[in-house]
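Spelled out, the chains give:
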Amino acid sequence: MAPTLTIRIAFAGLGLAAAATPALAVTELQWWHAMTGANNDAVNRLADEFNASQSDYKVVPTYKGNYGETLNAGIAAFRAGTAPHIMQVFEVGTATMMSAKGAIKPVYQLMKDAGEPFDPNAYLPAITGYYSTTKGEMLSFPFNSSSMVMWVNTDALKSIGLDAPPKTWPDLFAAAKKLTQNGFPNCGFSTTWVTWLNIEQLSAWHNVPVATKANGMDGLDTTLEINGPLQVKHLTNLAEAQKDKSFDYSGRYDSGFGRFTAGECPIMFGSSGSYGNVKGAAKFAWASAPMPYYPDVPGAPQNSIIGGASLWVMGGKKPDEYKGVAKFFTFLSDTDRQAKLHQTTGYMPITKAAYEKSKADGFYDKNPALETPIKELTNKPPTENSRGLRLGNLPQMRDMWAEEIEATLAGKKTPKQALDEAATRGNAMLRQFEKQAGR
């Protein structure tokens, strides 16, 4: 993931050099990304289609590792003056990118300077709000937005008498226990991105804050609130379920998702963007369902928050190169193209028109799994607790939060001790970022 050295420091004082002028007439635009498998194929296809649509620019996509590795590669490139034109950054890196003054070219300014048609209202507001200023100015371009969904092996559920996925956490824990007793002894359910589900999405889905100042959206001087009654209760339930494998830990990131497609874990929480991999690898009947909720929490469920990543345009490039990037973003926003991208990857359509087209075409009637994250995201109008997160050093904090969760699952700390420590350590990280961002 991200290095222990704060990413913000890496941006400070970096001299961004303009890319060298290509010898050929075609202007190359470097696009660094973190997509693998079916999603990597989609990235390459988009680049090929854009390159074939005109003769002035050539988008060159390059895989740079997972999200954290891609961001680290970008830091090294900044130092060397060889930054790409476009860099895919996961959503938890938003605060870092926003604070890297001079290192980025804001998308709203890019499109205006290039004279490309650009209406922020054309994009789904729950997505664009994450990547915009308080004035509604889009800083990065939404690309692969996702949400956390519950992937289920419906054959396995039927084997324990369930015709539909559990809707509440109590029902899920009960179903998972039955599954471990009926053919799945090693895993009733599991999750990828352990903190995304069990801290970030859990809190938003129940309209409970992760931090003050609207989870950091309204200012840097925020304080973590991840050790409240809901979060402590949930971690207590997870630790208890770990004892009999009705819940089984699968790591901090997404490498454990294969336990679902291999049939080992019949219920797996993961990105809606895993759709392509599930469709291609699962040898059983499957579906996706909304995240469960605790019925004793008033107003739950609220709405989910986005995951995935956006495309950031890097500073120090030539006007003609920026013009090409702007044309590429216009190309990506095409309604038919967005609808196809959504329908083949599982990532959400970024424009309202693409979503409406998919509905009008009857796509969700045959593919209900792909509407699940959209329904979660739009379940209710976002509140200060469910708009998203904008916390400095969040990639590093996620690792630290996971460390505390792991200590609880191993029986080394009580849930309250672990979350109290996670809040204290996280607040120290926030204060460090606050000082760096103010330089």
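In short, a report on the structure. (Residues numbered from 1 in each chain as written. Predicted model: local features only at pLDDT ≥ 70, side-chain atom pairs only at ≥ 80, totals over all residues. Heavy atoms only, no water.)

### What about the overall build of the protein chain?
The number of helices and strands found in the protein chain is 20 helices and ten strands. Over its C-alpha atoms the protein chain spans a radius of gyration of 21 Å, differing by no more than 12% from the 22 Å that the globule rule assigns to 439 residues. C-alpha atoms of the protein chain, sized along the principal axes, occupy 65 × 50 × 35 Å. For the protein chain, with 439 residues in total, the buried portion stands at 58%. Considering only contacts within the protein chain whose residues lie at least 6 apart along the sequence, 78% involve residues at least 24 apart. On the protein chain, roughly 16,800 Å² of surface is accessible, and the fraction owed to carbon and sulfur atoms is 53%. Each charge class in the protein chain was averaged separately, 43 positive and 41 negative side chains, and the resulting centres sit 2 Å apart. (Helix = DSSP H or I, 4+ residues; strand = E, 2+ residues; numbered from the N terminus. Rg over C-alpha atoms; globule rule 2.2 N^0.38 Å. Buried < 20%, exposed > 50% of the residue type's maximum accessible area, 1.4 Å probe, protein only. Contact = heavy atoms within 4.5 Å. Areas by Shrake-Rupley, 256 points an atom, 1.4 Å probe, with all protein chains shown as cover. Lys, Arg positive; Asp, Glu negative; His and termini not counted. Charge placed at Lys NZ, Arg CZ, Asp CG, Glu CD.)

### Structural notes on the side chain of Gln302
Tracing the backbone shows Gln302 in the loop between strand S9 (286-289) and strand S10 (307-314). The exposure class of Gln302 is buried, given its relative accessible area of 7%. Setting aside chain neighbours within four positions, we find Gln302 in contact with Ala204, Trp205, Asn207, Asn379, Lys380, Pro381, Pro382, Thr383 and Ser386.

### Notes on the state of the cysteines
Under the criterion given, the structure shown has one disulfide. Disulfide pairing is shown between Cys187 and Cys265; the S-S distance is 2.1 Å. Judged by the torsion about the S-S bond (115°), the Cys187/Cys265 disulfide is right-handed. Of this pair, Cys187 sits in the loop between helix H8 (169-180) and strand S7 (190-191) while Cys265 is found in the loop between helix H12 (258-261) and strand S8 (267-271), placing the two residues 78 residues apart along the sequence. When its relative accessible area of 0% is taken as the criterion, Cys187 is described as buried. (Disulfide = S-S within 2.5 Å.)

### What to know about the packing of helix H5 (residues 107-114) against helix H14 (residues 319-332)
The geometry of H5 relative to H14 is characterised by a closest axis approach of 9 Å and an angle of 105° between their N-to-C directions. As far as their axial angle goes, H14 and H5 are roughly perpendicular. For the pair formed by H5 and H14, the contact residues are Val107, Leu110, Met111 and Ala114 on the first element and Tyr322, Lys323, Val325, Ala326, Phe329 and Thr330 on the second. Grouping the constituent residues of the contact of H5 with H14 by class yields eight nonpolar, one polar and one charged. (Axes fitted to C-alpha atoms, helices over the stretch in contact; angles between N-to-C directions. Parallel < 35°, antiparallel > 145°, perpendicular 65-115°, else oblique. Nonpolar A, V, L, I, M, F, W, Y, C, P; charged D, E, K, R; others polar.)

### Remarks on H14
The first and last C-alpha atoms of H14 sit 20 Å apart over 14 residues, in line with the 20 Å expected at 1.5 Å per residue. By the burial criterion, the buried members of H14 are Glu321, Tyr322, Gly324, Val325, Ala326, Phe328, Phe329, Phe331 and Leu332. (Expected span 1.5 Å × (residues − 1).)

### What about the packing of helix H9 (residues 194-205) against helix H19 (residues 394-409)?
Contact geometry for H9 and H19: axes closest at 10 Å, N-to-C directions at 90°. One way to sum up the angle between H9 and H19 is to call them roughly perpendicular. Between H9 and H19, the contacting residues are Val194, Thr195, Trp196, Ile199 and Glu200 on the first element and Arg398, Trp401, Ala402 and Ile405 on the second. Per-class residue counts for the contact of H9 with H19 are six nonpolar, one polar and two charged.

### Comments concerning the packing of aromatic side chains
Overall, the coordinates contain 25 aromatic pairs when judged by the stated rule. Site record: aromatic cluster; members linked through ring pairs are Trp31, Phe50, Phe118, Tyr123, Phe141, Phe143, Phe328, Phe329 and Phe331. When the ring centre of Trp32 is taken as origin, the NZ or CZ atom of Lys64, which lies over that ring, is 4.3 Å away. The ring of Tyr322 carries Lys105 above its face, with NZ or CZ at 5.2 Å from the centroid. (Phe/Tyr/Trp six-rings, centres within 6.5 Å; stacked < 30°, edge-to-face > 60°. Lys NZ or Arg CZ within 6 Å of the ring centre and 35° of its normal.)

### As for the pattern of salt bridges
By the definition in use, this model includes 25 salt bridges. Linking Arg337 and Glu49 is a salt bridge whose minimum nitrogen-to-oxygen distance equals 3.5 Å. In this pair, Arg337 sits in helix H15 (residues 335-345) while Glu49 sits in helix H2 (residues 37-53), placing the two residues 288 residues apart along the sequence. Classification of Arg337 by relative accessible area gives partly exposed; the value is 23%. In this structure, Arg252 engages Glu406 in a salt bridge whose closest nitrogen and oxygen atoms are separated by 2.9 Å. On the criterion of sequence distance, the pair formed by Arg252 in the loop between helix H11 (229-243) and H12 and Glu406 in helix H19 is long-range, its members being 154 residues apart. The class of Arg252 is partly exposed, set by a relative accessible area of 26%. By relative accessible area, which is 24% here, Glu406 ends up partly exposed. Three or more residues joined by partner-sharing salt bridges are found here, namely Glu49, Asp334, Arg337 and Lys340. (Salt bridge = Lys/Arg side-chain N within 4 Å of Asp/Glu carboxyl O.)

In short, the description is geometric, and any link to function would need to be established separately.
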